[in-house]
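Chains, contacts and geometry: an overview
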Amino acid sequence: IAVALAVCFGLRRKWKQIVCEVLCWNAALVSAYGFVKAFTDGALPAGGFSVFGYANQGAAFFVLSYALSLGLWAMRQMEVSEQEVKGRSLAHPLLGRHYPILPVAFNLLGVIATLSRAGMLFVIVLSALFFIYISVASMAGKRRVHRVRGLTSLLLLIGLVVSVSVFAPPEVGKELATLTARGVADRASGHGEYHERVATAIMRDY
């Protein structure tokens, strides 16, 4: 909590972005390490992925890192657009604008590799929100070139999701097949769970 407060109120915007980048790239390296480890072992571990021993533990880490990476990607696009409005040009416009897609990709793959259904659900929701945000921001752009370049990120994200869907191992498909709207609602509300029954009994008796 102390570190979060220090980053939020004690750093300027540039240093906040640097901290965000460090967190995103650190998570990407953790994800890459997990795939190297899985490749040397010959298969994805059943209990955990990378440095995590529990599926939901790794999924929580990579989902947070995925959300930060998406935010970094959107922020970077806005920064490049502002520089272009001021007449500044980048040596490598495509790379300068879209390099955060690398931690986005690694963190997305990290979530999927944990085989956590909750993590996969959060990733789907975050991707949909990012898709809507970039679509609205691109359509509201004042210049046509900014709208086109903004929509490039949507194509990159769609390509990433399609690639994951096509090349994902069978275990991922099995976990995704168990995700139903009723099941998600029951887990989110605690319907039929032990803690829900106990809490109801406590409220009734006391």
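Everything in this summary refers to the structure shown in the same document.

The rules we used
- Residues numbered from 1 in each chain as written.
- Predicted model: local features only at pLDDT ≥ 70, side-chain atom pairs only at ≥ 80, totals over all residues.
- Heavy atoms only, no water.
- Helix = DSSP H or I, 4+ residues; strand = E, 2+ residues; numbered from the N terminus.
- Buried < 20%, exposed > 50% of the residue type's maximum accessible area, 1.4 Å probe, protein only.
- Polar contact = N/O pair within 3.5 Å; in protein donor to acceptor, adjacent residues only side chain to side chain.
- Contact = heavy atoms within 4.5 Å.
- Axes fitted to C-alpha atoms, helices over the stretch in contact; angles between N-to-C directions.
- Parallel < 35°, antiparallel > 145°, perpendicular 65-115°, else oblique.
- Left-handed = near helix turned anticlockwise from the far one by under 90°.
- Nonpolar A, V, L, I, M, F, W, Y, C, P; charged D, E, K, R; others polar.
- Phe/Tyr/Trp six-rings, centres within 6.5 Å; stacked < 30°, edge-to-face > 60°.
- Salt bridge = Lys/Arg side-chain N within 4 Å of Asp/Glu carboxyl O.
- Core = buried A, V, L, I, M, F, W, Y, C linked by side-chain atoms within 4.5 Å.
- Patch = residues over 30% accessible without salt bridge, like charges linked within 9 Å, V, L, I, M, F, W, Y side chains within 5 Å.
- Areas by Shrake-Rupley, 256 points an atom, 1.4 Å probe, with all protein chains shown as cover.

Once that is clear, we can look at the side chain of Ser127. With respect to the element layout, Ser127 can be found in helix H6 (residues 117-139). We classify Ser127 as buried; its relative accessible area is 11%. At 2.6 Å, the side chain of Ser127 forms a polar contact with the side chain of Tyr66. Not counting chain neighbours up to four residues away, the residues in contact with Ser127 comprise Tyr66 and Leu157.

In contact at an axis separation of 8 Å, helix H2 (residues 13-41) and helix H5 (residues 101-113) are set at 50° when each is read in the N-to-C sense. For the element pair H2 / H5, the angle class is oblique. Judged by the sense of rotation from one axis to the other, the crossing of H2 with H5 is left-handed. Note on element contacts: H5 touches H2 through Leu102, Pro103, Phe106, Asn107, Leu109, Gly110 and Ala113, opposite Cys24, Trp25, Ala27, Ala28, Ser31, Ala32 and Phe35. Of the residues assigned to the contact of H2 with H5, the class counts are 11 nonpolar, 3 polar and no charged.

Looking now at the environment of Val63. Along the chain, the position of Val63 falls in helix H3 (residues 55-85). Overall, Val63 belongs to the buried group, its relative accessible area being 12%. Leave out the neighbours within four places in its chain, and Val63 touches Val111, Gly119, Phe122, Val123 and Leu126.

This part is about the packing of aromatic side chains. The geometry of an aromatic ring pair is captured by the separation of the ring centres together with the interplanar angle, meaning the angle of the planes. Applying the stated rule across the entire model yields 6 aromatic pairs. By the ring-pair criterion, three or more aromatic residues cluster together here, those being Phe35, Phe49, Phe52, Phe61 and Phe62.

A few words on the pattern of salt bridges. A complete count under the given rule lists 1 salt bridge for this structure. A salt bridge links Asp205 to Arg204; its shortest N-O distance comes to 3.4 Å. Here Arg204 falls in the exposed class, since its relative accessible area comes to 61%.

Positive phi, close to 60°, is recorded for Ser50, a residue that is not glycine. Structurally, Ser50 can be placed in the loop between H2 and H3. Residue Ser50 is classed as buried on the basis of its relative accessible area of 7%.

The next subject is the nonpolar core. The tendency in soluble globular proteins is for nonpolar side chains to be buried side by side. Formed by 23 residues in total, the largest nonpolar core has its most connected members in Tyr66, Trp73, Leu108 and Phe130. Only H3, H5, H6 and helix H7 (144-167) provide two or more residues apiece to this core. Ranked by residues supplied to this core, first place goes to H5 with 7 residues. Setting aside residues up to four positions removed in sequence, Phe130 forms contacts with Leu70, Trp73, Ala74, Gln77 and Leu157.

To continue, consider a nonpolar patch on the surface. A contiguous nonpolar patch, built from Phe131, Ile132, Val136, Leu155, Ile158 and Val162 and spanning about 560 Å² of accessible area, is present on the exposed surface. Taken together, the elements giving at least two residues each to the nonpolar patch come down to H6 and H7. Position of Val162 among the secondary structure elements: in helix H7. Of the residues examined, Val162 reaches a relative accessible area of 45% and is grouped as partly exposed.

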